[in-house]
Amino acid sequence: METALTRLVGVRHPIVQTGMGWVAGPRLVSATANAGALGILASATMDTDRLREAIREVKSRTGAPFGVNLRADAADAGDRVRIMIEEGVRVASFALAPSAELIAELKEAGVVVIPSIGARRHAEKVAAWGADAVIVQGGEGGGHTGEVATTVLLPQVVDAVDIPVVAAGGFFDGRGLVAALAYGAAGVAMGTRFLLTSDSTVPDAVKAAYLAATVKDVTVTRAVDGLPHRMLRTELVDALEHSGRARTLLQAIHRAAGFRRLSGLTWPRMIRDGLAMKHGKELTWSQVLLAANTPMLLKASMVDGRTDLGVMASGQVAGVIDDLPSCAELVARVMKEAEEVLWTLVRADS
Ligand SMILES: Cc1cc2nc3c(=O)[nH]c(=O)nc-3n(C[C@H](O)[C@H](O)[C@H](O)COP(=O)(O)O)c2cc1C
């Protein structure tokens, strides 16, 4: 199936596996790329040496194009961009809107720029700055998320910008892909669905918790870092919501120190990142500190397998997913379903 997305990035299928911290590593990304979809490596949880290593690992496993997701507000975003350019990465994906200068630097080097956005005005802004496409995530999507559902946000963004729009938030099958195309999208991006594959390195106990979840077990909370964050509701989430401010802060400082060691960031650099995060936003310092705490809470589950100590970011779709296909099986299945749905529509019409 050829769309503006497949033409732009050179993949066979209009499907994207999104950059998920601790989840979208070299194994998942290369399996996705070999399945003919666009895999995106999550880099915010890696230091720059590990990023270069991870990119090389993906390249050793696949010759297909892939992307890297990074935080545009990270103090070392420029270094990360240079590594991506040197290593010939095809796509740069951003969790927050990148600056016009960063977009220009990437485009000049031939890298396709696809920021993720959660509101129409952000899509308009990055399109005006030269982004090649946008991933638009509706409120049902996993991780940090907005309030507007994909079914409302997607047509709003499609109507507002002239660049290809990739739909995210709530997609898991071929019907969803056809629906997204009907709204005018150039493809779908899926997070939770790719986390729940046999190629994902997430520990089995954690995958089991997602598979057992119903749609009602997926919640949005601000208790982790002050921003709306969609995840599985667990006892830890309940405890965070009910623990006092002082205790939460103390725990956050402890985890921020752990993240500093793991990410290779220095305290001054973390403070600069914090200042960048605060800029123009109504965030208190305690919220900024809590944000540094999020990667550690994600790591506890996604890497260490601690469903009791970690947060499990998740889209509402976890409630309708009940299997763990390989990426190749998943992509083939979504494409087959989409083609069948399209044929049924064509036949009904003739
Ligand atoms: C476990 C998990 C971790 C995530 N981490 C990131 C991240 O580091 N950067 C980012 O831009 N988005 C992140 N997201 C959001 C996803 O990239 C994607 O936009 C979202 O999962 C789409 O919704 P879906 O889960 O309904 O498919 C994360 C999502 C999940 C489920």
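Note: the structure precedes this text.
Description of the structure in this document. (Residues numbered from 1 in each chain as written. Predicted model: local features only at pLDDT ≥ 70, side-chain atom pairs only at ≥ 80, totals over all residues. Heavy atoms only, no water.)

1. Some remarks on the site of the ligand
Among the 19 residues in the neighbourhood of the ligand, the closest are listed as T18, Q137, G170, G191 and T192. One nitrogen or oxygen atom from the main chain of G19 is found 3.3 Å from a nitrogen atom belonging to the ligand. Backbone polar atom of G21 to a nitrogen atom of the ligand: 3.1 Å apart, as the coordinates give it. Summarising the interface, the protein chains cover 89% of the accessible area of the ligand, which totals 610 Å² for the free molecule. Looking at the shell around the ligand residue by residue, the class counts come to six nonpolar, 13 polar and no charged. (Near = heavy atom within 4 Å. Polar contact = N/O pair within 3.5 Å; in protein donor to acceptor, adjacent residues only side chain to side chain. Areas by Shrake-Rupley, 256 points an atom, 1.4 Å probe, with all protein chains shown as cover. Nonpolar A, V, L, I, M, F, W, Y, C, P; charged D, E, K, R; others polar.)

2. Details of the pattern of salt bridges
All told, the structure shown has 22 salt bridges when counted by the stated rule. Across the salt bridge formed by E53 and R50, the nearest N and O atoms sit 3.2 Å from each other. With E53 and R50 both in helix α3 (residues 48-61) and three residues apart, the pair spans about one turn of that helix. Its relative accessible area of 48% is what places E53 among the partly exposed residues. Taking the relative accessible area as the measure of exposure, R50 reaches 30% and is therefore partly exposed. For the salt bridge of K336 with E340, the shortest nitrogen-to-oxygen distance reads 3.2 Å. (Salt bridge = Lys/Arg side-chain N within 4 Å of Asp/Glu carboxyl O. Helix = DSSP H or I, 4+ residues; strand = E, 2+ residues; numbered from the N terminus. Buried < 20%, exposed > 50% of the residue type's maximum accessible area, 1.4 Å probe, protein only.)

3. Concerning the layout of surface pockets
Considering only enclosed or pocket space, the second largest pocket measures out at about 310 Å³ in volume. If you trace the second largest pocket, you find 18 residues lining it, with W22, G25, P26, M46 and R50 closest to the centre. Breaking the lining of the second largest pocket down by element, the ones donating at least two residues are α2 (26-34) and α3. By residue class, the composition of the lining of the second largest pocket is ten nonpolar, three polar and five charged. Of the residues that make up the lining of the second largest pocket, three or more belong to each of domain 1 (4-202 + 321-349) and domain 2 (214-313). (1 Å grid on protein atoms, 1.4 Å probe; cavity = no way out; pocket = protein on both sides within 12 Å on 5 of 7 lines; lining within 4 Å. Points joined across faces, edges and corners; volume = space filled by probe spheres on them. Domains from an automatic or database assignment.)

4. A short note on the sheet that holds strand β5 (residues 112-117)
One closed barrel holds the eight strands; their spatial order is β1-β2-β3-β4-β5-β6-β8-β9, and the pairing between them is parallel. The average undirected angle you get between the axes of adjacent strands in this sheet is 25°. Across four bridges, the pairing between strand β6 (residues 134-137) and strand β8 (residues 165-168) is parallel. Pairing of V136 across the sheet is with A167, part of β8. Each of β3 (67-70) and β4 (91-94) touches helix α4 (residues 77-86); the most contacted strand, β3, lies at about 175° to it. (Pairing = 2+ DSSP bridges. Axes fitted to C-alpha atoms, helices over the stretch in contact; angles between N-to-C directions. Contact = heavy atoms within 4.5 Å.)

5. Quick word on the nonpolar core
Ranked by internal contacts, the top residues of the largest apolar core, which has 59 residues, are I15, V157, F194, Y210 and M302. Tallying contributions element by element places helix α15 (residues 327-349) first for this core, with six residues. Mapping this core onto the domain boundaries places at least three of its residues in each of domain 1 (4-202 + 321-349) and domain 2 (214-313). With near-sequence residues (within four places) excluded, Y210 lies in contact with T192, L195, L196, L232, M302, M312, A313, S314 and A318. A24, V81, I83 and V89 belong to the second-largest nonpolar core, a separate cluster that totals 25 residues. (Core = buried A, V, L, I, M, F, W, Y, C linked by side-chain atoms within 4.5 Å.)

6. Some remarks on α2
Of all nine residues that make up α2, seven are buried, and the element is covered over most of its length. Where α2 is concerned, the buried positions are P26, L28, V29, S30, A31, T32 and A33. Next to the buried residues of α2 lie β1 (15-17), β2 (38-42), α3, α9 (192-195) and α15. Of the residues flanking the end of α2, it is G36, one or two places downstream, whose phi is positive at about 95°.

7. Some details on the environment of P228
Along the chain, P228 falls in the loop between β10 (218-221) and β11 (229-232). A sequence separation of 82 residues divides P228 from G146, and the C-alpha atoms of the two residues are 7.0 Å apart.

Geometric descriptors of this kind do not, in isolation, establish any biological role.
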